[in-house]
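What the coordinates show
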Amino acid sequence: MAENTKVVMETVRAADHDRYLTALYAPEDKRDALFSLYAFNAEIAGIRDRIREALPGEVRLQWWRDVIAAEEDEADIGHPVADALKATISTHRLPKAAFDNMLEARIFDLYDDPMPSRTDLEGYCGETAAALIQLAAMVLDPVEAPRFAELAGRAGCAQAMTGLLLLLPLHRKRGQCFVPADILAAAGSSPEEFVAGDGGSGAQRAVAAMIALAREHLSAFEQGASTLPVSLRPAFLPLALTGAYLDKMETARRSPLKDMARLSVLRRHWLLFRRATRGWPAA
């Protein structure tokens with residue numbers, strides 16, 4: 001295995017183990033490209049964890065913009081993930097605008113501004129998780145992928161919202177609030193109250209509303225998922241875990257505000273294997 005390929009794969013294994021497992025179900029000749037997409041996503045999603053101030057984070061996002069915008073025939077830059085991503089974009093003719101939109105959306109991560117509304121949250125999910133699913137689909141089957149762009153949107157919203165719920169303890173600790181202000185207001189809370197102390201009296205209602213919103217998108221995805229061709233299943237496989245994570249959050253003894261819900265490795269493997277081999281049943 002080439003050293004760069006190994007570095008990219010290990011980046012995904014360490015930072016995003018669920019997507020790492022899903023990529024293993026892709027055809028062997030597509031895996032390196034998927035790993036490059038998922039490693040890029042892990043790199044930009046983790047910028048907030050590696051900085052103390054927002055400006056260095058914005059500089060890093062701009063660096064990625066410059067790398068992606070560079071001409072394809074420019075020499076490798078010596079960054080394994082960046083070089084692998086450039087090769088994937090070129091080989092599979094992926095739209096650079098999608099990456100630019102993803103990087104723009106990630107600016108929100110660097111600050112503690114509250115998420116204004118449900119619409120803004122859905123837009124954020126669309127430019128991040130949903131775009132990643134669609135890009136992976138274009139790698140796997142560029143002919144079929146465009147037909148399932150809307151389904152990717154629903155899938156990305158369900159997956160991203162579930163991920164944000166899983167990360168609630170971390171986000172609250174550093175003063176971030178991804179729960180939309182309009183949902184908090186309906187629950188009798190506010191972004192300031194939600195991230196402080198125990199979250200206030202409306203915190204649990206807001207979490208329940210977020211879970212319900214994630215389930216709404218998951219249900220919409222599942223209604224069309226039975227039509228997914230086998231070739232595209234690996235791109236959507238993370239959704240095999242989404243419902244189980246939401247179930248876990250609803251039945252856990254401790255609130256998602258304080259503890260991250262977890263699935264055992266064995267259960268994750270089983271859920272992924274079942275969907276990879278059987279697909280989604282008709283709704």
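Residues numbered from 1 in each chain as written. Predicted model: local features only at pLDDT ≥ 70, side-chain atom pairs only at ≥ 80, totals over all residues. Heavy atoms only, no water.

1. Description of the overall build of the protein
Let me state the cut-off plainly: In DSSP terms, a helix is any run of H or I states spanning at least four residues, a strand is any run of E spanning at least two, and both are numbered starting from the N terminus. In this treatment the radius of gyration is a C-alpha quantity, and the globule benchmark scales as 2.2 Å times the residue count to the 0.38 power. Only protein chains enter the accessibility calculation, which uses a 1.4 Å probe; a residue whose area is less than 20% of its type maximum is buried, one above 50% is exposed, and one in between is partly exposed. In what follows, a contact means two residues having at least one pair of non-hydrogen atoms within 4.5 Å.
When you go through the protein residue by residue, the secondary structure sums to 15 helices and zero strands. Its C-alpha atoms give the protein a radius of gyration of 19 Å, within 12% of the compact-globule value 19 Å for 283 residues. Dimensions along the principal axes, computed over C-alpha positions, put the protein at roughly 55 × 45 × 30 Å. Taken across its 283 residues, the protein has 52% of its residues classed as buried. Considering only residue pairs separated by 6 or more positions, the protein has 72% of its internal contacts joining residues 24 or more positions apart.

2. Quick look at the packing of aromatic side chains
Short version of the rule: Only Phe, Tyr and Trp rings are paired, with Trp represented by its six-membered ring, and only when their centres lie within 6.5 Å; those with planes under 30 degrees apart are stacked, over 60 edge-to-face, the remainder tilted. Throughout this description, the term charge over a ring refers to an Arg CZ or Lys NZ atom that lies within 6 Å of the ring centre and within 35 degrees of the ring normal.
All told, the structure shown has 10 aromatic pairs when counted by the stated rule. Aromatic side chains Phe221 and Trp280 sit 5.3 Å apart centroid to centroid with 85° between the ring planes, which places their arrangement in the edge-to-face category. With a gap of 59 residues between them, Phe221 in helix 12 (residues 203-225) and Trp280 in the segment after helix 15 (265-278) connect regions that are remote in the sequence. Neither residue differs from the other here; Phe221 and Trp280 are each classed as buried. Three or more aromatic residues link up through ring pairs in this structure, and these residues are Phe40, Trp63, Trp64 and Phe99. Over the ring of Tyr38 we find Arg19, and its NZ or CZ is 5.9 Å from the ring centre. Directly above the aromatic system of Trp63 lies the positively charged group of Arg60, at a separation of 4.3 Å from the ring centroid.

3. Considering the pattern of salt bridges
Stated precisely, the cut-off is as follows: Every case where a carboxyl oxygen of Asp or Glu lies within 4 Å of a side-chain nitrogen of Lys or Arg is listed as a salt bridge.
Evaluation of the coordinates by the stated rule reveals 14 salt bridges. Residues Asp100 and Arg65 are paired through a salt bridge, measuring 3.4 Å at the closest nitrogen-oxygen approach. Highlighted residues: Asp100 in helix 6 (residues 96-105) and Arg65 in helix 4 (residues 54-69), separated in sequence by 35 residues. Judged by its relative accessible area of 15%, Arg65 is buried. With a closest N to O distance of 2.8 Å, Arg106 and Asp109 form a salt bridge. Arg106 gets classed as buried once you look at its relative accessible area, which sits at 10%.

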